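Below are the chains, spelled out letter by letter.
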Amino acid sequence: MAEPLPSLMLPASSWLRASTHRRWLDLQGQRLLDFSKPSRVDAGFAPLDNDGRLTPGKPADTILTARMTHVYAVAAGRGLPGCAPLAAHGVASLLGPLRDQTHGGWFEGAEQDGKRPGNGRKQAYLHAFVALAASSAVVQRIPGADGLLDDALSIWDRHFWSEEEGVFRESFAADWTDEEAYRGANANMHSVEACMAVADVTGKPLWRHRALRVAERFIHTFARNAAYAVPEHFDLDWTILKDFHKDKPTDDLRPYGMTPGHFVEWSHLMLKLEAALLRADGTAPSWLLEDAIGLFHRGIKAGWARDGAPGLLYTIDWSGEPVVHNRPHWCQAEALTAAAALLKRTGHAEYERWYQTIWDYIDLHMIDRRQGGWLQELDRNNRPSAVVYKGKADLYHAWQATLTPLLPLAPSFATAIAILDQ
């Protein structure tokens with residue numbers, strides 16, 4: 001890939017200006033890609049354990065398959081061997097054994113011994129990743145990707161998008177009845193990411209404008225009014241459910257309380273949305289930058305080194321006190337991505353310091369140089385843990401953290417790679 005400077009506003013001493021640092025990012029990304037290649041199974045991709053071996057008894061997982069398809073499609077665009085066939089396997093799996101051939105949409109995983117994993121519901125979170133995967137695969141002309149994207153967008157539009165509310169609905173029964181009486185920030189956050197990618201690939205600004213509507217409600221309304229602490233759980237009347245999952249504080253998708261890692265993840269998404277709108281329309285709301293800055297600082301204050309040790313913790317309660325002190329790898333990845341985005345957008349040296357601080361933490365605590373990959377979770381003393389996340393299933397968050405510092409804020413991953421590598 002060509003190596004243009006991400007921004008002319010970067011401080012002269014920025015790591016992002018250093019060719020050595022950019023090569024280091026490339027190397028770390030390639031190591032992650034290689035570590036996750038054994039996750040391929042007949043029906044898609046399945047989770048790996050800490051040693052990089054398939055977890056016994058675990059069938060192909062649809063969210064994991066969609067994420068792997070997205071990552072390996074983008075990596076294929078960089079000319080990395082072995083990645084295009086893995087992306088093609090993911091597309092074939094999403095069109096085949098993971099898809100509901102009767103009602104449409106996607107199951108949570110592959111059938112095993114006559115049963116499928118999960119609760120049988122069609123989830124917005126999962127379908128956002130299918131749309132993201134399909135859009136990335138289309139850019140790389142992966143066989144079947146166009147049909148997969150058409151199918152994903154039809155389902156997304158028909159069942160999940162709420163035009164009245166300007167958000168994505170949460171879940172349904174397998175036959176699209178029994179809508180869940182819940183609105184969630186997490187599924188909508190990842191839908192913002194997918195909407196921007198889809199808009200770039202299809203050329204349809206509708207999806208970009210839907211991303212803006214989602215951000216307006218969850219961030220510019222609820223989070224801004226809470227000094228940028230992002231509420232996660234709502235009922236259908238948009239009442240915040242403050243006790244939601246109080247009995248499940250370590251839930252991996254909908255934990256009790258608030259998640260500082262999501263504050264910072266929303267932060268860089270606001271900057272990417274601003275850049276996407278400016279690139280396409282020449283104008284963007286000023287609040288996108290304001291909210292991005294507020295989200296980052298609130299996330300760092302709420303979650304970084306709250307108990308003396310470095311790292312961004314998992315959750316806090318409504319008074320801002322830590323609930324789950326463990327440090328998931330994805331929280332660190334999203335924090336450094338936000339720091340890099342703010343650095344490129346503003347040029348402020350403070351974000352360079354955070355970018356370096358977070359990478360130092362990941363390098364010394366999370367990169368597993370013995371068994372490969374990143375440790376998915378550390379406890380409050382930065383020792384390996386598996387309270388929330390077991391094994392090393394996730395490639396998506398860590399790998400994107402090695403790539404986003406090298407790219408402009410817009411367009412999205414697959415499209416940006418295609419442009420830069422021309």
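Residues numbered from 1 in each chain as written. Predicted model: local features only at pLDDT ≥ 70, side-chain atom pairs only at ≥ 80, totals over all residues. Heavy atoms only, no water.

Re empty space enclosed by the protein
Throughout the structure, instances matching the rule amount to four cavities of 30 Å³ or more. E193, K272, T404, S412 and F413 are the residues nearest the centre of the largest cavity, which is lined by 33 residues in total. Contributing elements (two or more residues each) for the lining of the largest cavity: α4 (124–139), α6 (185–202), α8 (260–281), α10 (329–346), α12 (396–403) and α13 (413–420). With six residues, the single largest contributor to the lining of the largest cavity is α10. Residue composition of the lining of the largest cavity, by class: 18 nonpolar, nine polar and six charged. (1 Å grid on protein atoms, 1.4 Å probe; cavity = no way out; pocket = protein on both sides within 12 Å on 5 of 7 lines; lining within 4 Å. Points joined across faces, edges and corners; volume = space filled by probe spheres on them. Helix = DSSP H or I, 4+ residues; strand = E, 2+ residues; numbered from the N terminus. Nonpolar A, V, L, I, M, F, W, Y, C, P; charged D, E, K, R; others polar.)

A short note on helix α2 (residues 62–77)
In this model α2 runs 23 Å from its N-terminal to its C-terminal C-alpha over 16 residues, within 8% of the 22 Å that 1.5 Å per residue would give. For α2, the side-chain oxygen to backbone nitrogen distance between the N-cap and I63 is 3.1 Å, and the N-cap itself is D61. Positive phi appears at G79, one or two residues downstream of α2, with a value of about 80°. (Expected span 1.5 Å × (residues − 1). Polar contact = N/O pair within 3.5 Å; in protein donor to acceptor, adjacent residues only side chain to side chain.)

With respect to the confidence of the model for the protein
Scored by pLDDT, the protein comes out at a mean of 96, with 98% of its residues at no less than 70. For the stretch residues 1–7, pLDDT sits under 50, and the model shows 18 contacts to residues farther than four places along the chain or on other chains. (pLDDT = per-residue confidence, 0-100. Contact = heavy atoms within 4.5 Å.)

Let's talk about the nonpolar core
Core analysis: the biggest nonpolar cluster contains 143 residues, and W106, W156, F218, W266, M270, I362 and W399 have the highest contact counts within it. At 13 residues, α4 tops the list of elements feeding residues into this core. In contact with W266, not counting residues within four places along its chain, are A185, N188, M189, V192, V214, A215, F218, I219, V230 and L295. (Core = buried A, V, L, I, M, F, W, Y, C linked by side-chain atoms within 4.5 Å. Buried < 20%, exposed > 50% of the residue type's maximum accessible area, 1.4 Å probe, protein only.)

Notes on the pattern of salt bridges
Following the criterion strictly, the structure yields 25 salt bridges and no others. For D51, the salt bridge goes to R53, with nearest N and O atoms at 2.9 Å. We classify R53 as exposed; its relative accessible area is 52%. R208 is paired through a salt bridge with D200; the nearest N and O atoms lie 3.5 Å apart. What emerges from the salt-bridge pattern is a single network uniting E165, R169, E179 and R183. (Salt bridge = Lys/Arg side-chain N within 4 Å of Asp/Glu carboxyl O.)

Focus on the packing of helix α9 (residues 287–303) against α10
For any two helices packed against each other, one specifies the crossing angle of their axes together with the interaxial distance. In contact at an axis separation of 11 Å, α9 and α10 are set at 140° when each is read in the N-to-C sense. Overall, the two elements α9 and α10 adopt an arrangement that is oblique. The handedness of the crossing between α9 and α10 is left-handed. Residues L289, A292, I293 and F296 of α9 pack against A335, A338, A339, L342, R345 and T346 of α10. Along the lines of polarity and charge, the residues of the contact of α9 with α10 split into eight nonpolar, one polar and one charged. (Axes fitted to C-alpha atoms, helices over the stretch in contact; angles between N-to-C directions. Parallel < 35°, antiparallel > 145°, perpendicular 65-115°, else oblique. Left-handed = near helix turned anticlockwise from the far one by under 90°.)

What about unusual backbone geometry?
For the bond from A410 to P411, the omega torsion is 5°, close enough to zero to count as cis. As for its position among the elements, P411 is in the loop between α12 and α13. We note that Y228 has phi near 70°; this positive angle belongs to a residue other than glycine. On the secondary structure map, Y228 appears in the loop between α7 (205–225) and β8 (233–234). The buried category is assigned to Y228, whose relative accessible area is 14%.

Considering the environment of A418
Mapping A418 onto the fold places it in helix α13. Taking the C-alpha atoms as reference, A418 lies 18 Å from E193; in sequence the two are 225 residues apart.

A few points about the side chain of R254
Relative to the assigned elements, R254 resides in the loop between β8 and α8. By relative accessible area, which is 18% here, R254 ends up buried. The contacts of R254, once residues within four sequence positions are left out, are E170, E180, Y182, H233, F244 and H245.

Re the environment of P11
Tracing the chain through its elements places P11 in the segment before α1 (19–36). For P11, a relative accessible area of 19% gives the class buried. In this structure, the C-alpha to C-alpha distance between P11 and A349, residues 338 residues apart in sequence, is 6.7 Å. If we skip the residues at most four places from it in the chain, P11 touches R17, L343, G347 and A349.

Side note on the packing of α7 against α9
Put simply, α7 and α9 touch, their axes get as near as 11 Å, and they point 50° apart. With respect to α9, the element α7 is oriented oblique. As α7 runs across α9, the sense of the crossing is left-handed. Here α7 contributes L212, A215, E216, I219, H220, A223 and R224 to the contact with α9, which in turn contributes W287, L288, E290, D291 and L295.

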